[in-house]
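Spelled out from the first residue to the last, the chains are:
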Amino acid sequence: MPISHLSHWGLLVTGDPLLYGADASIILASVGIVFVLTYFKKWKWLWREWLTTVDHKRIGIMYLIAAVLMLFRAGTDALMMRTQLALPNQHFLGPEHYDQIFTTHGTIMIFFMAMPFIFALMNIAVPLQIGARDVAFPYLNAISFWLFFFGAMLLNLSFVIGGSPDAGWTSYAPLAGLHFDPGPGENFYLLSLQITGIGSIATGINFLATIFKMRAPGMTLMKMPLFTWSIVATNILIIFAFPALAVALALLLIDRIAGAHFFTIHAGGLPMMYINMFWIWGHPEVYIVLLPAFGVFSEVVATFSRKTIFGYKAMVSSMLVISVVSYFVWAHHFFTMGGGVSVNSFFAVASMLIGIPTGVKVFNWMFTMYRGRIRMKMPMLWTIAFIPCFVLGGASGMMLAVAPVDYQFHNSYFLVAHFHEMLIGGVVFGMFAALYYWWPKVFGFILDEKWGRWAFWFWNIGFYVCFEPQYALGLMGMQRRMYTYPSGMGWTALNFISTIGAFLMGIGFLVMAGGIVYSIFKGERDLTGDPWDGRTLEWSLPSPAPHYNFAVIPTITDRDQWWTLKEQGKQDTLRPRPEDIQPIHMPKNSAKPFLIGVAFFAAGFGFVFNWYVLAAAGLFCIVILLLVRSFEYHSDYHIPVDEVVHTETALGRL
Amino acid sequence: MKAGKVRRRTLTYAGLGAAVAIFLTGCGTQFQLLNPAGPVARTELNLFDISIVLILIVIVPVIGLLLYIVYRYRDIPGNTAPYDPHFSDNRVLEFIWWGIPIIIVAILGVVTVRTTISLAQPPGSTSNASPMTIEVTSLDWKWLFQYPGHKLATVNYAEIPVGVPVQFILTSNAPMNSFWVPRLGGQEYTMPGMALRLWLQANQPGDYYGHGANFTGRGFAHTTFHVIAVPMAKYDQWVKHVKTTAPALTLTGYKNLAIPNVVGELTYSSYPANSFYNTVMNDGGRFMPSTMQVETSLHH
């Protein structure tokens, strides 16, 4: 049989024209970036304003840019896979290359697209929604970002240096162990996720502290906007779930680089333990990325229906119920491990139970629209598109929760269709709704509606054309993760249709990007700070918000504070009065978070190739940087009253 | 206008009915999951049908209601629909939409647990024949079937008699795979160092497609096998034929099979004593409850 051989014994991956293309494009892009920065004399600007920033708004923007770029990268992976599968017995990609691509597709989409996207939204919206000037630990926030960034760099580097991981995004042992998967690819996976995971745990702690300790006076927990509530639920999940992943990754890494036997076949290793630990993180992870989308939909649906959210208390409690129950469903990812009747029954019923609070949320969103006035702006379009998609995905999810039925659907394209329906229809649609919704707040201009609608329809039609046939393919017995399939199984036509759908989504992405570029130049400027007639505090600020967010911290009396004040015609109460302005305490920028990221990158790279001198040097630098930070006593400063008054006057708020 | 509305509704129901009928009855044998050839796959399909009906009770009204609400309350000049910006609470409505999912999950949960229990038992035999055992070892990238009753072995295909419950005892001598014959029933993992049991049975003769379902690396796409169900008389003939004509699987032959590669179908008239048991023991020796007894009684 033809099994091609990509060589990854040398440092650079060779043997495939696609890879040379990637090498060339990476070099060209890097040269281009360096040239532009030098030509326009922007190096200093980049360093001062961005690389050393601790401002949550800028960190949010950097997360956002990274997430969109990673969506592009992993989306390209997806299109390559769909091209390979469009027809049976194709040789566009060999098995090794295909295996690498589906692995990086999943890994990047979850860790380096969905995660930074939700972190972007947290950073952009949470402090503004709760009336805070920054997060609780701005310096730590910057460290989180740079750990994510350099983790992502490390994984992406594997494509051209050393070879990508190829054991699936779940990286099951023993397949991912050294015996069956030599070479650095799998090490890239383990180290990049470990590095970004540290950042994620820190973000979880950071935002819980921010939300619990830094709300404006009067904002009790039950007066918090629902997006902020969703971030509470998500961060509770993060701080309890990510450590399980960190341990699983660390043990597998020790197996690989130090010859231990935690998850090997021989010498008493327990491969199934890795799978359990992975999913103890993995299922909560689904809700870590989904709950913020729920929060976004709650904000958008109320704003664009001009109506109070229906069942606020039920919305809050359902999110908290989901965040607790989602810890008790992990084994539904492997009902077929032979756990026995009692194990499968428990996890089947627990998985179905999650459907109850989730279903309630759908009803609440719909009854928020009921007796409202629905404005079909881009954020609302994405929200409305989300509901049927999510309901269908939820329906197939209920079927998969029925353990005996899952014996038939497990690892089939039925499953692939299901989780893409949840992760695209749920998470990505939610992120897009948020992108259009908060874009004016972040950048000061509105994304063009016409481009947006074209992108919307390409995405939506493409989505159903791509994934509904995959349900049928599952019923026809097609397994996931096959790099090719024989003709004569009846799978060809549906696969071909599915590929067309994938490319429609690809066009949707390009149109969306085109819309962003168009809007940068021609988009409607947001001069009011409140382009959507919003309800929550962030819309009371100018767009973009000044560096310190609130010149005077507002006092909260109502859940939809801004909306209520507008109803009463008292918007001016949220404008600062000169006599109330005091010096504002802010954190100083710092280069150390960036340098810590570099040091982690060096250490990770060293471990990937077993170059322990480099690894040790990286770890040593991390310790030094942490020590230096502990002896730094002047990490903050005060913005004088004059400067605040000056800024606010320029914004027309005084 | 009224007639139009009625006709539209009739069309909707007809379309919905057709869709349901397709799912419930199966369409074309290429939809393997909808064309069960044995009691296990049949039970699983029945449960799938029940779950579809229960879920349709929720999702059809939801999608209908969504379309209605979005249409009726859209923000256009002159829309006469009521506007009530503070309507955010209704005890009765909330009881309904907490209640309905709870009832549906309760029903689905009970059916699920019952079926889970029943599928752990051997399926009802149609021929009074006592159940038989086949030991399955997944290798990179092939399937080894050992018949302890006849001491013969095959690679990438298995013959079974129609109407006889077969317990497949599953293990792996390579990274975990999953043993799946869609038309006979759902899959189960093959794990190194463990022996799991999966009951399957074919009620009609046929050549059934089987495939590894859990990713095992480069050759995974080629881990296809066939389960060929034949009437008892023909099965006995096949056994006799294999015993007289096929070569023996030696220890060296077994080691060669374990080398990662892709091979075609192979047949052996015998295999090294206790090789399945030893494979499980070498890698950890964990047995699913009562598979240990099966193994011990077969080999010792």
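Going by the structure above, here's the rest.
For every chain, the first residue of its written sequence is number 1, and the numbers climb from 1 along that sequence. Here every chain gets a letter starting at A, and every ligand a number starting at 1, in the order they are written. Totals for whole chains, interfaces and linings use every residue, but because this is a predicted model, local features are given only for residues with pLDDT of at least 70 and side-chain atom pairs only at 80 or more, for both listing and counting. With hydrogens and water set aside, each side-chain value is computed from the structure's full complement of heavy atoms.

Caption draft 1: Quick peek at the overall build of chain A. Along its length, chain A carries 19 helices and two strands. In terms of its C-alpha atoms, chain A occupies a principal-axis envelope of roughly 80 × 60 × 50 Å. The buried label goes to any residue with under 20% of its type's maximum accessible area, the exposed label to any with over 50%, and the partly exposed label to all in between, with areas taken from a 1.4 Å probe on protein chains only. Within the span of chain A, comprising 654 residues, buried residues form 65% of the whole. Whether two residues are in contact is decided by their heavy atoms: any pair within 4.5 Å suffices. Restricting to contacts in chain A with at least 6 residues of sequence separation, those with at least 24 account for 82%. Note that His is not counted, nor are the chain ends; the positive residues are Lys and Arg, and the negative ones are Asp and Glu. Charge coordinates come from a single atom per side chain, which is NZ of Lys, CZ of Arg, CG of Asp or CD of Glu. Charge centroids of chain A, computed over 38 positive and 35 negative side chains, lie 7 Å from each other. Segments assigned H or I by DSSP are reported as helices when at least four residues long, segments assigned E as strands when at least two residues long, and all are numbered from the N terminus.

Caption draft 2: Expanded view of the overall build of chain B. Scanning chain B for helices and strands turns up seven helices and 12 strands. Within the span of chain B, comprising 300 residues, buried residues form 52% of the whole.

Caption draft 3: Looking closely at the pattern of salt bridges. All names here are of chain A. A pairing counts as a salt bridge when a side-chain nitrogen of Lys or Arg comes within 4 Å of a carboxyl oxygen of Asp or Glu. Evaluated as defined, the whole model comprises 14 salt bridges over all chains. With its nearest N and O atoms 2.3 Å apart, the salt bridge here joins K592 to E632. One end of the pair, K592, is in helix α17 (residues 592-608); the other, E632, is in the loop between α18 (612-630) and β2 (636-639), and 40 residues separate them in sequence. The class for K592 is buried, based on a relative accessible area of 12%. Exposure remark for E632: the relative accessible area of 26% places this residue in the partly exposed category. The shortest N-O distance in the salt bridge between E632 and R629 comes to 2.9 Å. Salt bridges linked by common partners bring R306, D530, D533 and K566 together as one network.

Caption draft 4: Representation of α17 of chain A. Residues and elements named next belong to chain A. Taking 1.5 Å per residue, 17 residues should reach 24 Å; α17 reaches 24 Å between its end C-alpha atoms and fits that length. Where α17 is buried, its residues touch α2 (43-51), α5 (138-157), α6 (185-213) and α18. Within two residues after α17, N610 carries a phi angle of roughly 55°, on the positive side. Every helix has an expected span of 1.5 Å times one less than the residues it contains.

Caption draft 5: A look at the interface of chain B and chain A. At the interface, 83 residues of chain B touch 92 residues of chain A. Summing both sides of the interface, chain B and chain A together bury roughly 7800 Å²; the carbon and sulfur share of this comes to 73%. Summed over both partners, the accessible area lost on bringing two parts together, with a 1.4 Å probe, is the buried area. In terms of surface lost to chain A, no three residues of chain B exceed W97, F215 and R218 of chain B, which account for 11% of the buried area on that side. We note a salt bridge from R218 of chain B to E96 of chain A, for which the minimum N-O separation is 3.8 Å. Distance and chemistry together define a polar contact, namely a pair of N or O atoms within 3.5 Å, with one atom able to donate a hydrogen and the other to accept it when in protein, and with adjacent residues in sequence counting only for side-chain atoms on both sides. Applying the counting criterion to the chain B and chain A interface returns 27 residue pairs in polar contact (both at pLDDT 80 or more). Elements with a contribution of two residues or more to the side of chain B that touches chain A: α2 (39-72), α3 (91-119), β7 (185-190) and β9 (206-212) of chain B.

Caption draft 6: Molecular detail of the packing of aromatic side chains. All names here are of chain A. The criterion for an aromatic pair is that two Phe, Tyr or Trp rings (for Trp, the six-membered ring) have centres within 6.5 Å, with stacked assigned to planes under 30 degrees apart, edge-to-face to planes over 60 apart and tilted to the rest. Counted according to the given criterion, the structure contains 88 aromatic pairs over all chains. Considering the side-chain rings of W330 and F347, the 5.0 Å spacing of their centres and the 65° angle between planes classify their relative orientation as edge-to-face. Note that W330 is positioned in the loop between α9 (312-325) and α10 (341-369) and F347 in helix α10, a separation of 17 residues in sequence. The class for F347 is buried, based on a relative accessible area of 9%. Between F432 and W459, the ring centres sit 5.1 Å apart and the planes meet at 65°, which makes this aromatic pair edge-to-face.

Caption draft 7: Fine view of the packing of α9 of chain A against α10 of chain A. Residues and elements named next belong to chain A. Axes, fitted as lines to C-alpha atoms, cover a helix only where it is in contact. Angles between the N-to-C directions of the axes lie from 0 to 180 degrees. Packing of α9 against α10 brings their axes to within 10 Å, and their N-to-C directions diverge by 160°. Here α9 lies roughly antiparallel to α10, going by the angle between them. The hand of the α9/α10 crossing is left-handed. Where α9 approaches α10, its residues A314, M315, S318, M319, V321, I322 and V325 are matched on the opposing element by A350, I354, P357, T358, V360, K361, N364 and W365. Orientation is classified from the angle alone, with under 35 degrees giving roughly parallel, over 145 giving roughly antiparallel, 65 to 115 giving roughly perpendicular, and any other angle giving oblique. For a crossing to be left-handed, the near helix must be turned anticlockwise from the far one by less than a right angle; the clockwise case is right-handed.

Caption draft 8: Representation of the sheet that holds strand β3 (residues 152-155) of chain B. Residues and elements named next belong to chain B. Any two strands with at least two DSSP-identified bridges between them are counted as paired. Taken in spatial order, the seven strands make up an open sheet running β11-β3-β2-β1-β5-β8-β12, and their pairing is mixed. The sheet is open, and its two borders are formed by β11 (266-268) and β12 (286-287), each paired with just one other strand. Pairing of strand β1 (residues 132-139) with strand β5 (residues 166-172) involves seven bridges; the strand directions are parallel. Paired with I134 across the strands is F168, a residue of β5. Running over the sheet, helix α6 (residues 275-282) touches β1, β2 (142-147), β5, β8 (194-200) and β12 and is turned about 45° from β5.

Caption draft 9: Quick look at the environment of L87 of chain A. All names here are of chain A. Turning to its location among the elements, L87 is positioned in the loop between α3 (56-85) and α4 (95-130). Classification of L87 by relative accessible area gives partly exposed; the value is 39%. Along the primary structure L87 and N495 are separated by 408 residues, whereas in three dimensions their C-alpha atoms are 7.0 Å apart. Among all residues touching L87, those that are not within four sequence positions of it are Y485, T492 and F496.

Caption draft 10: Highlighting the nonpolar core. Put simply, buried Ala, Val, Leu, Ile, Met, Phe, Trp, Tyr and Cys residues joined by side-chain atoms within 4.5 Å make one nonpolar core. Membership of the largest hydrophobic core comes to 263 residues, with the highest contact counts inside it found for Y274, W281, W365, M369, W382 and W438 of chain A together with F48 of chain B. In terms of residues, this core owes the most to one element, α4 of chain A, which gives 22 residues. Just so you know, the domain bounds were taken from an automatic or database domain assignment. Each of domain 1 (2-75 + 91-119) and domain 2 (132-299) of chain B gives at least three residues to this core. Of all hydrophobic cores here, the second largest spans 35 residues; its members include W143, V162, F179 and V230 of chain B.

Caption draft 11: Seen up close, the sheet that holds strand β10 (residues 224-230) of chain B. Residues and elements named next belong to chain B. The strand order β4-β10-β9-β6-β7 describes an open sheet built from five strands, whose pairing is mixed. Pairing within the sheet leaves two strands with one partner each, and these edge strands are β4 (157-161) and β7. For this sheet, the mean angle separating the axes of adjacent strands, direction not counted, is 20°. Judged from the six bridges that link them, β9 and β10 form a sheet pairing that is antiparallel. Bridge pairing in β10 links G210 to F225.

Caption draft 12: Representation of the pairing of β4 of chain B within the structure. Residue and element names in this part refer to chain B. Counting buried residues in β4 gives five out of five residues, a clear majority hidden from the surface. By the alternation rule, side chains of β4 split into Y157, E159 and P161 and A158 and I160, which are all buried. Alignment of β4 against β10, held across five bridges, turns out to be parallel. Across the sheet, E159 pairs through a bridge with I228, a residue of β10.

Caption draft 13: Region of interest: helix α4 (residues 232-245) of chain B. Residues and elements named next belong to chain B. For α4, spanning 14 residues, the distance from its first C-alpha to its last is 20 Å, which sits close to the expected 20 Å at 1.5 Å a residue. Turning to α4, its buried residues are Y235, W238, V239 and V242. The buried residues of α4 occupy an angular sector of 100° when projected down its axis, which confines them to one face. Residues of α4 that are exposed and point more than 90 degrees away from the buried face comprise A233, K234, Q237, K240, T244 and T245. Against the buried residues of α4 lie β1, β2, β3, β4, β10 and β11. Here the arc refers to the directions that run from the helix axis out to each C-beta atom.

Caption draft 14: Up close: the pairing of strand β6 (residues 177-181) of chain B. All names here are of chain B. Burial within β6 is extensive, with five of its five residues counted as buried. Where burial is concerned, the two faces of β6 agree: the one with N177, F179 and V181 and the one with S178 and W180 are both buried. When β6 meets β7, the two strands line up antiparallel, connected through four bridges. For S178, the partnering residue across the bridge sits in β7 and is Y189. Connecting the antiparallel pair β6 and β7 is a turn made up of three residues. Note: β6 against β9, two bridges, orientation antiparallel. Bridge pairing in β9 links W180 to H211.

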